[in-house]
Amino acid sequence: MAASLSYQIYKNVLMFASFLAFSQAQQVGTSQAETHPSLTWSKCTSSGCTTTSGSVVIDANWRWVHTTDGYTNCYTGNEWDTSICPDDVTCAAKCALDGASYSSTYGVTTSGDELRLNFVTTASQKNIGSRLYLMENDSKYEMFNLLNQEFTFDVDVSQLPCGLNGALYFVSMDADGGSARFPTNKAGAKYGTGYCDSQCPRDLKFIDGQANVEGWQPSDSDVNSGIGNHGSCCAEMDIWEANSISTAFTPHPCDTPTQTQCETDGCGGTYSSDRYGGTCDPDGCDFNPYRMGDTSFYGPGKTVDTNSPFTVVTQFITDTGTSSGTLTEIKRLYVQDGEVISQSNSKISGVSGNSITADFCSAQKEVFGDTDSFSAHGGLEGMSAALAEGMVLVMSLWDDHYADMLWLDSNYPTTASSSTPGVARGTCDISSGDPDFVESTYPNAYVKYSNIKVGSLGSTYNSSGSGNSGSSSSTTTTTSRTSSTTTSGGSSATGLPRYSQCGGQGWSGSTTCASPYTCTKQNDYYSQCL
Ligand SMILES: *[C@@H]1O[C@H](CO)[C@@H](O)[C@H](O)[C@H]1NC(C)=O
Ligand SMILES: *[C@@H]1O[C@H](CO)[C@@H](O)[C@H](O)[C@H]1NC(C)=O
């Protein structure tokens, strides 16, 4: 795997305030030119794959928001300037989103078909994580229609410890970011506007061409975030939520698949006091191998070995076997070192299968005693309706100020016994995911997504033989995996490289880390060179 990346240099065009006087009532700033990092991906059929030139854009929430007639902040830290922004409409008219310095400010870089997201980037300010969308061109998101298709990508989660989430997923955003439906949104997709998901997030600074300043409450724990009265709902298909310890894929339907605005606690989801009070399914129907009882399938040194990159294939099966049918099953498989690895089977008594089906979901909800908000908001048919209309690809890296990511990688709820079915989701300690702790302990964590392919079932990966050499990949994505007790890529003669496993129950490998790293316990089952 490439240890160093070539960082692209972006134009930093400064314009003077006097010049801006000629462009009245813009809601796009021009302090920094917006140059989308390019990212190639492939469309495949049974006769092969062709490369598409795309690019990525960072979400509007990460951007500098300043006055249209100058450079006064409209929003600083986690608070709005209410003298500029007395209400949502005035604020949207007076404030502009500016261009992004992808690499230096946000730690986002691309190279060919690979996107790398760094966790903590400290430039003039400290940036935590990022959220990006794949674009068709500079003003439009790429729309994916995944029914009767498969979606494939390679991921490197080796440097994502407990508490982080490298997420690749689809949401039913407007292709133009909402600028046609809401003409006061002048920024559009070019500036990463229009986000929505099944939590109906209320931390967005702008929704539907208006600001979200009314009712804004700064977060107690997040110096960059808060919530306003409005949220932005839409269906969400989580292909991949993962770190090196745990992974899950999860459909989340909504009553209305496309983007709709919600109000206060009527939004439901993570950001509201009434989780199930909204029109979307905040929980989804998740398949996490560990939670489904196979604790040896995914992780460092396990069947899918997160010490090295691997390929993730997700198939959207319909009842008719055509793209006009209805979604009946979501299947998953992996390819690592040329070997196809089937998704683990559920080992939970009363829940069977290794894919998401209506039967799997209802059995899982019942056995785990979970609220079945998935069925209540349309189940697989609801997800199907969203997929049929086209969805936007999101790639992100985040930590969790609401639940410390314990729902993904630890015991959750933390007060329940880990032997109760559904509670244990991974080996991380319940104290592992505190954002202050992970940001200070693992600032150099990152995720890499690459080799994105979409196409007919079976066309995006090789079911036998070695490798999956995409026509566009300049670097080989099939790394040579050495045995799990010796770790590739480091100075193993003097100890294990950074981020290697170095201990834990059942560990028989070396416990010595290369200088300057020390073997650090993450939980009873996993210690890592940090
Ligand atoms: C982007 O593509 C759409 C068609 O999908 C087209 O209508 C639009 O003009 C394009 N915009 C740019 C900036 O190329
Ligand atoms: C499958 O392998 C062949 C031979 O290495 C390669 O040409 C082709 O691109 C691969 N297909 C995919 C989908 O990766």
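- The chain appears in an unreviewed UniProt entry as Glucanase from Penicillium steckii.
- What the UniProt record of the chain gives under Catalytic activity (unreviewed entry) is the line "Hydrolysis of (1->4)-beta-D-glucosidic linkages in cellulose and cellotetraose, releasing cellobiose from the non-reducing ends of the chains."
- Annotation of the chain in UniProt includes, under Sequence similarities (unreviewed entry), the sentence "Belongs to the glycosyl hydrolase 7 (cellulase C) family."

## Some thoughts on the overall build of the chain
1) Next: In terms of helices and strands, the chain carries eight helices and 34 strands.
2) Next: Counting every position in the chain, which comprises 530 residues, the buried fraction comes to 56%.
3) Next: Summed over its atoms, the accessible surface of the chain is roughly 20400 Å², and 48% of this surface lies on carbon and sulfur atoms.

## Focus: the sheet that holds strand β33 (residues 519–523)
Think of a sheet as strands paired side by side through backbone hydrogen bonds, with each pair either parallel or antiparallel.
1) Next: Within the open sheet, the three strands sit side by side as β32-β34-β33. Their pairing is antiparallel. Only two strands of the sheet have a single neighbouring strand rather than two, namely β32 (501–503) and β33. Averaged over all pairs of adjacent strands, the angle between their axes in this sheet comes to 45°, without regard to strand direction.
2) Next: Bridge count between β33 and strand β34 (residues 526–529): four bridges; the pairing is antiparallel. By the bridge assignment, Lys521 is partnered in β34 with Ser527.

## Some words on unusual backbone geometry
1) Next: Cis peptide bonds are those with omega within 30 degrees of zero, and the linkage from Tyr412 to Pro413 qualifies with 0°.
2) Next: Relative to the helices and strands, Pro413 is located in the loop between α7 (406–409) and α8 (435–441).
3) Next: Positioned with a positive phi, Met405 is a non-glycine residue whose angle comes to about 65°.
4) Next: When you line up the elements, Met405 lands in the loop between β30 (391–399) and α7.
5) Next: The class of Met405 is buried, set by a relative accessible area of 0%.

## Looking at helix α4 (residues 358–368)
1) Next: Looking at α4, one finds that the buried residues are Phe360, Cys361, Ala363, Gln364, Lys365 and Phe368.
2) Next: On its buried face, α4 is in contact with β29 (356–357) and α5 (373–376).

## Some remarks on the state of the cysteines
1) Next: One pass over the structure, following the stated rule, counts nine disulfides.
2) Next: A disulfide bridge connects Cys200 with Cys233, and the sulfur atoms are separated by 2.3 Å. Its S-S torsion of about 120° marks the bond between Cys200 and Cys233 as right-handed, since a negative value means left-handed. Residue Cys200 is found in the loop between β15 (164–171) and β16 (206–207), and its partner Cys233 is found in strand β20 (residues 230–233); the two are separated by 33 residues along the sequence. For the pair shown, Cys200 and Cys233 are each scored as buried.

## Remarks on the side chain of Ser373
1) Next: Looking at the secondary structure, you find Ser373 in helix α5.
2) Next: Judged by its relative accessible area of 4%, Ser373 falls in the buried class.
3) Next: Polar side-chain contacts of Ser373 include one of 2.5 Å to the side chain of Asp281.
4) Next: Contacts of Ser373, omitting those with residues within four sequence positions, involve Tyr276, Asp281, Pro282 and Asp283.

## Considerations on the site of ligand 1
1) Next: Around ligand 1, the structure places Glu136, Asn137, Ser139 and Lys140.
2) Next: Contacts to ligand 1 include Asn137, whose side-chain N or O atom sits 2.2 Å from an oxygen atom.
3) Next: One of the side-chain nitrogen or oxygen atoms of Ser139 is found 3.4 Å away from a nitrogen atom of ligand 1.
4) Next: Compared with its free state, where it exposes 360 Å², ligand 1 has 38% of that area covered by protein.
5) Next: Tallied by class, the residues present in the shell around ligand 1 amount to no nonpolar, two polar and two charged.

## Some details on empty space enclosed by the protein
1) Next: This model, assessed by the stated rule, comprises five cavities of 30 Å³ or more.
2) Next: Here the largest cavity is characterised by a volume of approximately 220 Å³.
3) Next: Every residue lining the largest cavity is counted, 23 residues in all, and those nearest its centre are Asn185, Thr193, Phe206, Ile207 and Gly209.
4) Next: Breaking the lining of the largest cavity down by element, the ones donating at least two residues are β6 (95–97) and β16.
5) Next: Of the residues belonging to the lining of the largest cavity, the class tally is eight nonpolar, 11 polar and four charged.

## Remarks on the packing of aromatic side chains
1) Next: For the coordinates displayed, the defined rule picks out 25 aromatic pairs.
2) Next: Centre to centre, the rings of Phe287 and Phe360 are 5.1 Å apart; their planes meet at 15°, and the pair counts as stacked. Placement of the pair is Phe287 in the loop between β23 (260–263) and β24 (298–299) and Phe360 in helix α4, with a sequence separation of 73 residues. One exposure class covers both Phe287 and Phe360, and it is buried.
3) Next: An aromatic cluster of three or more residues is present, and its members are Trp41, Phe144, Phe151, Phe153, Phe170, Trp240, Phe297, Tyr298, Phe310, Tyr334 and Tyr449.
4) Next: The ring of Tyr446 carries the charged tip of Arg116 above its face, separated from the ring centre by 3.6 Å.
5) Next: In this arrangement the basic side chain of Lys205 is found over the ring face of Tyr75, its NZ or CZ atom lying 4.2 Å from the centre.

## Brief notes about the pattern of salt bridges
1) Next: For the coordinates displayed, the defined rule picks out eight salt bridges.
2) Next: Lys140 is the partner of Glu136 in a salt bridge, and the nearest nitrogen-oxygen pair spans 2.6 Å.
3) Next: Residue Glu136 is classed as partly exposed on the basis of its relative accessible area, which comes to 40%.
4) Next: In this structure Lys140 comes out as partly exposed when scored by relative accessible area, which is 29%.
5) Next: Through salt bridges with shared partners, a single network forms among Asp286, Arg291 and Asp370.

## Observations concerning the nonpolar core
1) Next: Counting 90 residues, the largest nonpolar core has Phe151, Phe153, Trp240 and Tyr449 as its most contacted members.
2) Next: Sequence-distant contacts of Phe151, defined by excluding residues within four places in its chain, comprise Phe144, Leu146, Leu168, Phe170, Ile239, Val312, Val313, Thr314, Leu393, Ile452, Lys453 and Val454.
3) Next: In terms of nonpolar packing, the next biggest core, distinct from the first, is built from 16 residues, Val28, Cys85, Cys95 and Ala211 among them.

Parameters at a glance
Residues numbered from 1 in each chain as written. Chains lettered and ligands numbered in written order. Predicted model: local features only at pLDDT ≥ 70, side-chain atom pairs only at ≥ 80, totals over all residues. Heavy atoms only, no water. UniProt positions renumbered as here; feature names shortened; annotations may be inferred. Helix = DSSP H or I, 4+ residues; strand = E, 2+ residues; numbered from the N terminus. Buried < 20%, exposed > 50% of the residue type's maximum accessible area, 1.4 Å probe, protein only. Areas by Shrake-Rupley, 256 points an atom, 1.4 Å probe, with all protein chains shown as cover. Pairing = 2+ DSSP bridges. Axes fitted to C-alpha atoms, helices over the stretch in contact; angles between N-to-C directions. Contact = heavy atoms within 4.5 Å. Disulfide = S-S within 2.5 Å. Polar contact = N/O pair within 3.5 Å; in protein donor to acceptor, adjacent residues only side chain to side chain. Near = heavy atom within 4 Å. Nonpolar A, V, L, I, M, F, W, Y, C, P; charged D, E, K, R; others polar. 1 Å grid on protein atoms, 1.4 Å probe; cavity = no way out; pocket = protein on both sides within 12 Å on 5 of 7 lines; lining within 4 Å. Points joined across faces, edges and corners; volume = space filled by probe spheres on them. Phe/Tyr/Trp six-rings, centres within 6.5 Å; stacked < 30°, edge-to-face > 60°. Lys NZ or Arg CZ within 6 Å of the ring centre and 35° of its normal. Salt bridge = Lys/Arg side-chain N within 4 Å of Asp/Glu carboxyl O. Core = buried A, V, L, I, M, F, W, Y, C linked by side-chain atoms within 4.5 Å.

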